[in-house]
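Structural features, examined
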Amino acid sequence: MGASSSTEQVPSEQREMETLAASTGALPMLQKAFSALADPQTKAVPLNSLQQCFSVAFQNTSREVSMMPDCFPVLLNHLGPSIVDLFFVAEKGGVSWIEFLRGYIKCCGRTATSISLNNLFRVFAAIAVKAGLPAKLQFESDDSDCKMGGFLIPADVLMVLWICWIMSWNCKNLKSSKGKADYGLPDISHLVLSAVVSCAEVGSNMNVWDCNISGLDVQLPAGKIHLWALKTVPSLADCLVQFVHSRLQNSPTLKDKLEPSCSPVSDFTSTMTCNTHLLTCGRAWAISLTLRSTMTDEILKACFPSNGDGTNENLLYWSSLHGKGLNRFWSNVEGYNGPMLILIAASSGDTFDVNANVRRWIIGALTQQGFENRDVFYGSSCSLYAISPVFHVFSASGKEKNFVYSHLHSAGKVYDPHPKPVGIAFGGSVGNERIFIDEDFARVTIRHHAVDKTYQPGSLFPSQGFLPLEALVLEVEVWGLGGRTAKEVQTKFKKREELFTEQRRRVDLKTFGNWDDSPEKMMMDMVSDPNRVQREDR
C-alpha cells in the first residue's frame, strides 16, 4: 500500500509527489504510515484515523487550573482535526495516497521559515474557530505564503507557545514513552513579554517586572508577531513539522487502530526538578528556539536530570553548590572544550533596604568553545541573552570579534604596572566591557550596547540606561553543551591534573639520605657563619 509497482503505469501526479517526498528523505516512512493507517478495501486513510493520529489529550489538570486558562484543554482537543483539515484533502472513502503525500509536503516539505510560521498560525486560527473562540487572524488566501492579518492578544501568544511546547515534547518522547508520556506547562512568561515589548505600542506605564499576562488587553498586530518569531524564535515552526513527522512515523498498526492513539498530557510539576536552577524548562526551551544546531537537544537535556540522584552531568558549575569566585569557577570548567551556557542572576538596588526598589533579572551567554585563561578577548562565535523578566537574544553582529574574556591572576608573574582586569567579560573592549563579572563573583557590571560592536544592540534588562550599572550577583550557573564526548575529555583532563599534582607533592626520601653532602646544609652553614674556614677534601 502506497508503494509504486514497476509494472504499473504510475500517474505523473503521483510520480511528482513521490519525488518531492523522496527529496525530504521521508518517502519510506510515509509508505509504512499509509499502509498502517489505510483501509485495505478503500485503499485510503479514513479521516477519523488520521485525526486520531494527530490528537493530543490533556488530562490531570487539577494542579494547573489556577495558572492555565480554561480554554486551553479545549484548544488542544482540536489540534488533530485542524491539522487534517488544513493539509489533507479527503476524497470519497478518505485520504488517497497522492493527497496523503501532498498534505505531508505542504506541512513538512522543504520551505522557508516564514511559510512554516504561516502554517503554524493557520493551525492555531483553525483550532480557535473549532473551539468557538473569536477569529482574530485573517489570511488573504489559502496559499501558505499569503499575507497574514489581524492581531493576537498576549493570552493568545501564550496558547500558541504552550501548544508548540506540547508538540515539541510529544514528538521527542513519543517513541520512548509509547504514547503515555507525562507533560506539563512550563513558565514561559518571559517569551510572551518579549512578544509584547517587541510588537505592542505600549507606553512607559507598563510594568514588566510585575505583570499579569492574562490581564493584558493589548493587541499585537499579526505582521509584527510574525517578524518577532522570525527574529527571536526562528525554530518555533519546527515544532509543528517535527510533531507531524513523528506522529506519522509512529503511526498505530492495524491492530491498534481501534484503540485511542492520543497521548495524555498531564501535570509534571513534581518532575521539574530543574526549577531549582536558573535554567528552568521554560528558559531552556526559549533558548533552544533561537538555535538551529545540535546544541538544541543538549540544552533541552539540561532540563531533566539524567542521574537518579537528581543531579545533571551537564551542569558544570553552580555557585550555590561549588561556591562563588573565579578560582572555584575555573576548577569546574577547566578542560571542557565545548559549547557552554553561562547564566547570571543579579539584582539592582539596595537589597538590604526594605523600602528599596530591588529588581532581579537574569542574563546569559552561549559560547561555542571552552573558557581560556587569557588577558585579551577571544572566541569564534557567541550570543548574549536577556532571559528574565523579558527574553531577547543578541547574536554576533560581525563587526568585531570580542566575544569572550576570561582572565585569572598569574601565579608566577612578577609585578605588572598595567594589570589587566581579572574576571569574565562578554563584548566591548578590555576595561570597557558590555558584561563584566569580577573575580569574586560578587558584582556584575552592565554597560550600554554603544560600547560593544561584537553583539547586536539592545537592553539586557528592562529600563537599562546609558550609564554603567553595577549589580549584585545572586547566582551563576554554567552548563556544558558539548555532549558526552566533551564531558569525557574533561574527566580525563581532571584525572591527569590530579595525577600530576599528586606526583609533585610526593617527597623522595632518598635525596635526603646524606645530610652532610646536601646543598641545603651548605647554604645553612654559610648563612650562620659565612667567614668560617671550611676544610676542602682533596
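In the nomenclature of an unreviewed UniProt entry, the protein chain corresponds to TLDc domain-containing protein from the organism Davidia involucrata.

1. Focus: the nonpolar core
The biggest cluster of nonpolar side chains holds 107 residues, and the ones touching the most others in it are Leu30, Leu50, Phe54, Phe100, Leu191, Leu248 and Trp285. With 12 residues, helix α8 (residues 154-177) is the largest single contributor of residues to this core. Both domains that meet at this core, namely domain 1 (17-252) and domain 2 (310-483), each give it at least three residues. In this structure, tryptophan 285 is in contact with Leu161, Cys164, Trp165, Ser168, Ile188, Leu191, Leu236, Cys239 and Leu300, ignoring residues within four places of it in sequence. One finds Phe329, Ala346, Val404 and Ile437 within the second-largest nonpolar core, a separate group that totals 39 residues.

2. What to know about the pattern of salt bridges
Pairing between side chains of opposite charge can happen when the charged atoms of each approach one another. On inspection of all chains with the given rule, the structure shows 7 salt bridges. For glutamate 99, the salt bridge is made with arginine 102, and the minimal N-O distance between the two is 3.4 Å. Linking glutamate 99 with arginine 102, this pair stays in helix α6 (residues 97-108), spanning 3 residues, or about one helical turn. Classification of arginine 102 by relative accessible area gives partly exposed; the value is 24%. One salt bridge connects arginine 447 with glutamate 433, and the closest N-O pair in it is separated by 3.4 Å. Pair noted here: arginine 447 is in the loop between β14 (443-446) and β15 (469-480) and glutamate 433 is in strand β13 (residues 432-438), with a separation of 14 residues, a long-range link. Residue arginine 447 is classed as buried on the basis of its relative accessible area of 15%. Glutamate 433 gets classed as buried once you look at its relative accessible area, which sits at 3%.

3. A few points about the sheet that holds strand β2 (residues 137-139)
Here 3 strands make up an open sheet; going across it, the order is β2-β3-β4 and the pairing antiparallel. Only two strands of the sheet have a single neighbouring strand rather than two, namely β2 and β4 (220-221). Examined bridge by bridge, β2 and strand β3 (residues 148-152) share 3 bridges and lie antiparallel to one another. Residue pairing for β3: glutamine 138 is matched across the bridge by glycine 149. This element, helix α10 (residues 222-232), spans β2, β3 and β4 of the sheet and lies at about 90 degrees to β3.

4. Quick look at the packing of helix α7 (residues 113-130) against α10
The N-to-C vectors of α7 and α10 enclose an angle of 125 degrees; their axes lie 10 Å apart at closest approach. With respect to their mutual orientation, α7 and α10 come out oblique. Here α7 and α10 pass one another in a crossing that is right-handed. For the pair formed by α7 and α10, the contact residues are Thr113, Ser114, Leu117, Asn118 and Phe121 on the first element and Ile225, His226, Ala229 and Leu230 on the second. Partitioned by chemical class, the residues of the contact of α7 with α10 number 5 nonpolar, 4 polar and no charged.

5. Regarding the pairing of strand β8 (residues 359-367)
By the criterion of burial, β8 is predominantly enclosed, with 7 of the 9 residues buried. Pairing between strand β7 (residues 340-348) and β8: 9 bridges, direction antiparallel. Looking at the pairing, leucine 341 lines up with leucine 366 of β8. Examined bridge by bridge, β8 and strand β9 (residues 382-388) share 6 bridges and lie antiparallel to one another.

So, how was this worked out
- Residues numbered from 1 in each chain as written.
- Predicted model: local features only at pLDDT ≥ 70, side-chain atom pairs only at ≥ 80, totals over all residues.
- Heavy atoms only, no water.
- Core = buried A, V, L, I, M, F, W, Y, C linked by side-chain atoms within 4.5 Å.
- Buried < 20%, exposed > 50% of the residue type's maximum accessible area, 1.4 Å probe, protein only.
- Helix = DSSP H or I, 4+ residues; strand = E, 2+ residues; numbered from the N terminus.
- Domains from an automatic or database assignment.
- Contact = heavy atoms within 4.5 Å.
- Salt bridge = Lys/Arg side-chain N within 4 Å of Asp/Glu carboxyl O.
- Pairing = 2+ DSSP bridges.
- Axes fitted to C-alpha atoms, helices over the stretch in contact; angles between N-to-C directions.
- Parallel < 35°, antiparallel > 145°, perpendicular 65-115°, else oblique.
- Left-handed = near helix turned anticlockwise from the far one by under 90°.
- Nonpolar A, V, L, I, M, F, W, Y, C, P; charged D, E, K, R; others polar.

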